[in-house]
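# Structure at a glance
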Amino acid sequence: MTGQPAALSVRGDTLMLSGQIDSGSVMDVRRKGEALLADNAVLTRVNVSGVETASSVVLSLMLSWLRHAASRQRMLVFEGANERLRALAALSNLHHQLPGFAEAG
């Protein structure tokens, strides 16, 4: 299965994440996301509705961005997670650590 490559964009106060995120692409996506978060103080949301994979790699990426934002005294809320990603977060007992997950679904 070949999906779309991982992509990041900014829409207002939202960082949009889409595409295939795997162990080969996650570090690049993480760095780019951290740079966008650092350069755009208005970013308070991360929309993951376009993410094609539900894996621990994606959860790790999200936790990394949370730590990055917290180090700058900012909060992020995740939105648009599909059922598989929400279920994986719950199974991993991370859904309460990812703002927006415990409230979703």
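Residues numbered from 1 in each chain as written. Predicted model: local features only at pLDDT ≥ 70, side-chain atom pairs only at ≥ 80, totals over all residues. Heavy atoms only, no water.

### As for unusual backbone geometry
As a reminder of what qualifies: Secondary structure elements follow DSSP: runs of H or I of four or more residues count as helices, runs of E of two or more count as strands, with numbering from the N terminus.
The backbone phi angle of Q73 is positive, close to 55°, even though this residue is not glycine. Relative to the helices and strands, Q73 is located in the loop between α2 (56-70) and β4 (77-79). Phi is positive for N93, which is not a glycine, with a value near 60°. Relative to the elements of secondary structure, N93 occurs in the segment after α3 (83-91).

### So, the sheet that holds strand β3 (residues 45-51)
Let me state the cut-off plainly: DSSP calls a pair of strands paired once it identifies at least 2 bridges connecting them. To get an axis, fit a line to the C-alpha atoms, keeping to the stretch in contact for a helix; angles then go from 0 to 180 degrees between the N-to-C directions. Note on definitions: a residue-residue contact is assigned when non-hydrogen atoms from the two residues lie within 4.5 Å.
Taken in spatial order, the four strands of this open sheet run β1-β2-β3-β4, and their pairing is mixed. A strand with exactly one partner marks an edge of an open sheet, and here the two such strands are β1 (7-11) and β4. Across the sheet, the axes of successive neighbouring strands diverge by a mean angle of 25°, strand direction being ignored. As defined by bridge partners, β1 adjoins strand β2 (residues 14-19) across five bridges and the pair is classed as antiparallel. Note on β2: the bridge partner recorded for L8 is L17. The strands that helix α1 (residues 26-39) touches are β1 and β2; relative to β1, the one it contacts most, it runs at about 15°.

### Examining the side chain of R86
Our working rule: Nitrogen and oxygen atoms within 3.5 Å of one another constitute a polar contact, given that in protein one can donate a hydrogen and the other can accept it, and given that sequence-neighbouring residues count only through two side-chain atoms.
In this structure, R86 sits in helix α3. Separated by 2.5 Å, the side chains of R86 and E83 make a polar contact.

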